[in-house]
Amino acid sequence: MRSSWADGTRSIGIAEVGDPEIEQSTDVIVDVHFAAVCGSDLWPYRGLLPGHRAGSTGHEFLGVVSEVGGAVTGLAPGDAVIAPFMYSDGACSACRHDLPSQCEHGGLWGRDGAGAQAERIRVPYADTTLVKLPWAIDEITPERARALLPLADVFATGYHGAVLAGVGPGDVVAVVGDGAVGISAAVGALMQGAARVIVLGENPERLAVAARFGAETLRVSREESGAERLRAAFDDLEVDRVVEAVGMQGAFDTALDVVRVGGSVGFVGVPHAVEPIAPMRLFGKALQLAGGTAPARRYLDEFVAATIAGDLDMSALIDHTYAFDDIAEAYRAMDAGETLKAMLVIR
Ligand SMILES: [Zn+2]
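Read on for a plain summary of the structure. Fair warning: this is a prediction, and the values are worked out from it, not measured in the lab. (Residues numbered from 1 in each chain as written. Predicted model: local features only at pLDDT ≥ 70, side-chain atom pairs only at ≥ 80, totals over all residues. Heavy atoms only, no water.)

1. A short note on the nonpolar core
Note the following rule: Only buried Ala, Val, Leu, Ile, Met, Phe, Trp, Tyr and Cys residues count toward a nonpolar core, and they belong to the same one when joined by side-chain atoms within 4.5 Å. The rule is simple: take the accessible area with a 1.4 Å probe, protein chains only, and divide by the maximum for that residue type; under 20% is buried, over 50% is exposed, in between is partly exposed.
Counting 56 residues, the largest nonpolar core has Leu62, Leu133, Ile140 and Leu151 as the members making the most contacts within it. In this structure, Leu42, Tyr87, Tyr322 and Ile327 belong to the second largest nonpolar core, which totals 32 residues.

2. Description of the pattern of salt bridges
Pairing between side chains becomes possible if they bear opposite charge and their charged atoms approach one another. Stated formally: Salt bridges are identified by distance alone: a Lys or Arg side-chain nitrogen within 4 Å of an Asp or Glu carboxyl oxygen. Helix and strand assignments come from DSSP, with helices taken as H or I runs of at least 4 residues and strands as E runs of at least 2, each series counted from the N terminus.
Across all of its chains, the model carries 23 salt bridges by this definition. When the shortest N-O distance is used, the salt bridge between Arg281 and Asp257 registers 3.8 Å. Here Arg281 is found in helix α10 (residues 279-283), whereas its partner Asp257 is found in helix α9 (residues 249-258), with 24 residues between them in sequence. For Arg281, a relative accessible area of 30% corresponds to the partly exposed category. We classify Asp257 as partly exposed; its relative accessible area is 35%. A salt bridge links Glu329 to Arg332, with the shortest nitrogen-to-oxygen separation between them at 2.9 Å.

3. Regarding the pairing of strand β11 (residues 196-201)
To keep things clear, this is the line we draw: If the strands point away from the viewer and the path from the first strand over the helix to the second runs clockwise, then the crossover is right-handed. When DSSP finds two or more bridges between two strands, those strands count as paired.
Most of β11 sits out of view: 5 of its 6 residues are buried. Once you follow strand β10 (residues 172-176) into helix α6 (residues 180-191) and on to β11, the crossover reads as right-handed. Across 4 bridges, the pairing between β11 and strand β12 (residues 216-219) is parallel. Across the sheet, the residue bridging to Leu200 is Leu218, located in β12. In terms of handedness, the path from β11 via helix α7 (residues 204-212) over to β12 forms a crossover that is right-handed.

4. What to know about the coordination of the zinc ion
The condition is simple: The rule for donors is simple: an N, O or S atom within 2.8 Å of the metal counts, and for Na, K and Ca the reach is 3.2 Å. Water is not among the atoms, so a site may look short of donors. Under the classification used here, a metal with four donors is tetrahedral if each angle lies between 85 and 135 degrees, square planar if opposite donors are over 155 degrees apart and the others between 65 and 115, a six-donor metal meeting that same test is octahedral, and anything else is irregular.
Distances from the zinc ion to its protein donors, Asp89 (OD), Cys92 (SG), Cys95 (SG) and Cys103 (SG), fall at 2.1 to 2.4 Å. Seen from the zinc ion, its 4 donor atoms lie at angles of 94 to 122°, and the figure they make is tetrahedral. In terms of primary sequence, the donors binding the zinc ion are separated according to D-x2-C-x2-C-x7-C. Of the two residues examined, Asp89 and Cys95, each falls in the buried class.

5. Let's talk about helix α8 (residues 226-233)
The test is simple: Throughout, the arc means that of the directions going from the helix axis to the C-beta atoms. Any pair of residues with heavy atoms lying within 4.5 Å of one another is described as a contacting pair.
Along α8, the positions that sit buried rather than exposed are Gly226, Ala227 and Leu230. End-on, the buried residues of α8 take up no more than an arc of 100°, which puts them together on one face. For α8, the exposed residues set more than 90 degrees away from the buried face come down to Glu228 and Ala232. Its buried side turned inward, α8 meets β11, β12, β13 (239-244) and α9.

Honestly, it's all geometry; don't read function into it.
Laid out in structure tokens, this is it:
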């Protein structure tokens, strides 16, 4: 079969690799029809992941079940399915505590096994990992796929940032970061009852997308204090909750500076070279700080149902669609910041 193949030198193409096979009785094989490119796929593409070898990429996909292992009970060949970005067994302590993202036996496609930007993928623990879609696969148009694929990772991650920040009815929320996760955090905060959400970011086009979803926006540059700019622009507005959706030092500093005394900060940008946070920095302002990988599987049924009902439409996050053969251009455009999020039509 054909699979993406990245060597860590900003070069990606399609390689012929062996077909995946059922290895455990709880596995299924999915024929992938659509796969999205995640901002985190750019790390191995750029060669910035320590120890990363050349290999296949991607962890956001939907397709149709083509083979099932003997112990699979809830899925059959022909079922259209979407996957969260990690597989999970549904049985360990983490899964029982609603954190499938920390599953003892779980993993991330493209890191703990083959990537999903490929014609086929093996899905471990299929019954507890996959979510069945109510359509035949040929009824899933690129337009439907665009609305569904953001739910697999970025939307779940942004939404979880608002959960971690403890957003509740009437809150004033700031989101640091205007990428797909930051925009998703803004939508998540509004769904959780926030009265006002202000997205801080550098990119006017992305801020415009956030505004279309009902957020207020503030354009900031990396060189200035986002907190001071926000206080000046919004008349000393008190910010109850902050979602940090970047994972860089400046974004953490802005998040901790902008939140009011006694407020809370959720962080879902994977921290890259962020300095340790001194306990006094939290103690002095009586802050709560919580972070972690989003348990996308916990939310996925609800998000898919809301999308099917017409109550949620995150398709604006995928602003470019490419044929599988054009994967190099999809990555190049995302790496250059020309594309917010790319979708590949695999078959
Ligand atoms: Zn588990």
